[in-house]
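Architecture at a glance
So the chains spell out like this:
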Amino acid sequence: MTKVLVQQGWLEGEKKELVTKDGHFYSFKGVPYAAPPIGKLRFKAPQPPIPWDEVRKATQHGPVCPQYDFFANRFIEGNEDCLYLNVYTPELQPPKPLPVMVYIHGGVFKSGSGNDDFYGPDFLVKQGVILVTVNYRLEVLGFLCLDTEDVPGNAGMKDQVAALRWVKSNIDRFGGDPNNVTLFGQSAGGAATAYHVLSPMSKGLFKRAIAMSGVPNCDWCENFEPKERAFKLGKQLGLDTDNPDKLLEFFQSLPVEKLVDTGPCLLAFEDVLNMEAGKTNYFVPVAEKDFGQEFFLNEDPFEALKAGRVNEVDLMIGYTSEEALFIAGMAQPDYLTRFENWPELLVPKKVSYNVPQRKILELGKRIKEHYFGKKAINEKSVKEFINFFSQTGFTYHIQRFVQRIPKLRNTKRYFYLFDMRSDRNFFARRAETEFGLTGASHLDDCLYLFQANAFPLKVDTQSKAYSLIQKTCLLFTNFAKYGDPTPDASLGVRWPEFDAREQRYLRIAEQFEVGDHLHTDMVDFWRGVDDDAGIEF
């Protein structure tokens, strides 16, 4: 066992063997980075962590946030006292402070945690970096917005800021460099990472960022009338009021399970767009109203981009080759039939919320024709549907973001397509088995960075899969260390920086390849849809 003194008190962690059996790391789990957000603190910005007197055991993860796990299709009770992080370091007293990588988990802001069932540190710490993984409040608990000073929204994002502040103040005790922090995340964690790149609250807390398969303008990240939705939820749960103080008191009195997996629809079409369509996660980050509080972000993310209000950090951003392969299990006739019957469901949420119904009907037909031609949307057109879902759910919106984000001073920008393929592609398996579709799915990239202890994935250091893990981890940790994923020729390629004119990117595959103007046909099509809907690219 080993001990570290942080600002709040002593922690007792443990020395653990790497899954590869060729080294060790030091593990400190369940470290509180903020006060428990319970009672009258429910829905509010996180408060500073509470010090402790005795040596605190740090060998077990803290509780996860109450949530609905849509992969396991079950409610996970967890605990509202869930603001904990985990620190994994290869050395406690290195000769030189180590780069730090802080990971934000995905789960459409509704589920997930930083625990090592999915985010084991073995592969990354072996490259000489410290890994920190974080829990934060989810769904209603983390993203309720009442447009009041007490509950302006974004509590879950402020949890992440509190974690970054804790890292800034304490990571040197674990051998880390507080001035060389890379924030990274995947899916909702990627969107969160991109939000932090824009947030004035996050300024100075990290030096670099990696946004994987998610940005603030993804369809599943769009909010619509968040205050009205909060009141709708109140009515749905038993209180019909127009008083935000009464609503807050009511919500604070409810058992937590009432606030998990909610679906307060404001518009009739939302009732058809259930969670299977990936569009009904209604409690997400918002543009806060300014009440004089410390706000996370008080404007639309694209307005911030347009005005150049971006934190001065290096950015690496990209997506997988076939993002939506993971939804193959949803490709059942009753699900697909809805899109056949109502092609307007193919229209992105931002468009649906902002243009007349006649235009939505027209665009729905146009999108259906583009992706399916004369084919019906059914179990015989799963390939086309997955292609549609990949592009409308992820890739187009990431392209919009990367092409708009300004390059400030000495910052660097890198764009990638992740296309590693091996038995680590766990989330693509069903699509391959049932439909013969291959590629790197959403979430598959995580399995080349993390040891997912809950998954039946063996680690054979002599295998092709492990060599691909090493190559992937080297790219990511090089970026964290140097701000350049390929600082020398040892990986056989030099990854050029991205600019909006040349649009160069790296295909991260068994053999790295540099390309340019990725998926321009797709971008042109959706840009045309946006133009027709009056939405600026």
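Just so it is clear, the model here is predicted, and its values are computed rather than measured.

As a measure of interface size, the accessible area lost when the parts come together is often cited. Domain annotation for the chain reports domain 1 (2-311) and domain 2 (319-533). Distance between the C-alpha centres of domain 1 and domain 2: 24 Å. When domain 1 packs against domain 2, the two sides together hide about 5,100 Å² of surface, and 66% of this comes from carbon and sulfur. The largest per-residue losses of area from domain 1 upon contact with domain 2 belong to Phe-118, Phe-123 and Gln-127, which jointly make up 14% of the total buried on that side. On the surface where domain 1 and domain 2 come into contact, there are one salt bridge. Connecting domain 1 to domain 2 are 17 residue pairs in polar contact (both at pLDDT 80 or more). Taken together, the elements giving at least two residues each to the side of domain 1 that touches domain 2 come down to β8 (98-104), α1 (122-125), β10 (176-186), α4 (188-198), β11 (208-212), α7 (268-272) and α8 (301-307). With five residues, the single largest contributor to the side of domain 1 that touches domain 2 is β11. Taken together, the residues that form the side of domain 1 that touches domain 2 break down as 33 nonpolar, 16 polar and 13 charged.

Time to look at the pairing of strand β15 (residues 513-516). Summarising the sheet, strand β14 (residues 504-508) and β15 pair through four bridges and their orientation is antiparallel. In the strand pairing of β15, Leu-506 is matched with Val-514. Linking β14 back to β15 in an antiparallel pair, the connection comprises four residues.

Of all five residues in β11, five are buried; the element is thus mostly enclosed. Along β11, one buried face is formed by Arg-208, Ile-210 and Met-212 and the opposite face, lined by Ala-209 and Ala-211, is buried too. Direction of pairing for β10 relative to β11: parallel, over a ladder of five bridges. Residue Gln-186 lies in a different strand from β11, and its bridge partner there is Met-212. Running through α4, the crossover from β10 to the neighbouring parallel element β11 is right-handed. Inspection of the sheet shows β11 paired to strand β12 (residues 314-320) by five bridges, in the parallel sense.

Turning our eyes to something else, we now look at the packing of aromatic side chains. Scanning the model with the defined rule gives 39 aromatic pairs in all. The interplanar angle of 80 degrees and the centroid separation of 5.5 Å between the aromatic rings of Phe-426 and Phe-427 together place this pair among those described as edge-to-face. For Phe-427, a relative accessible area of 12% puts it in the buried group. In this arrangement the basic side chain of Arg-527 is found over the ring face of Phe-537, its NZ or CZ atom lying 4.1 Å from the centre.

Membership of the largest hydrophobic core comes to 131 residues, with the highest contact counts inside it found for Tyr-33, Phe-109, Val-132, Phe-174, Phe-385 and Phe-401. Take this core: its biggest share by element is 10 residues, from helix α12 (residues 382-404). Shared between two domains, this core holds at least three residues of each, these being domain 1 (2-311) and domain 2 (319-533). Non-local contacts of Phe-174, meaning those with residues more than four positions away in its chain, are made with Val-4, Val-6, Leu-11, Phe-28, Val-87, Thr-89, Glu-91, Leu-92, Ile-130 and Trp-166.

Oppositely charged side chains can pair when the atoms bearing their charge come close. Per the stated rule, a full pass over the model turns up 33 salt bridges. One salt bridge in this structure joins Asp-159 and Arg-137, with 2.7 Å as the shortest N-O distance. Of this pair, Asp-159 sits in helix α3 (residues 155-170) while Arg-137 sits in the loop between β9 (130-134) and α2 (139-143), placing them 22 residues apart in sequence. The salt bridge involving Glu-434 is made with Arg-430; its shortest N-O contact spans 2.8 Å. One end of the pair is Glu-434 and the other is Arg-430, both in helix α13 (residues 429-435) and four residues apart, which spans about a single turn. Residues participating in the shared-partner salt-bridge network are Lys-359, Glu-362, Arg-366 and Asp-532.

The rules behind each value
- Residues numbered from 1 in each chain as written.
- Predicted model: local features only at pLDDT ≥ 70, side-chain atom pairs only at ≥ 80, totals over all residues.
- Heavy atoms only, no water.
- Domains from an automatic or database assignment.
- Buried area = accessible area lost by both parts, 1.4 Å probe.
- Salt bridge = Lys/Arg side-chain N within 4 Å of Asp/Glu carboxyl O.
- Polar contact = N/O pair within 3.5 Å; in protein donor to acceptor, adjacent residues only side chain to side chain.
- Helix = DSSP H or I, 4+ residues; strand = E, 2+ residues; numbered from the N terminus.
- Nonpolar A, V, L, I, M, F, W, Y, C, P; charged D, E, K, R; others polar.
- Pairing = 2+ DSSP bridges.
- Buried < 20%, exposed > 50% of the residue type's maximum accessible area, 1.4 Å probe, protein only.
- Right-handed = clockwise from strand over helix to strand, strands pointing away.
- Phe/Tyr/Trp six-rings, centres within 6.5 Å; stacked < 30°, edge-to-face > 60°.
- Lys NZ or Arg CZ within 6 Å of the ring centre and 35° of its normal.
- Core = buried A, V, L, I, M, F, W, Y, C linked by side-chain atoms within 4.5 Å.
- Contact = heavy atoms within 4.5 Å.

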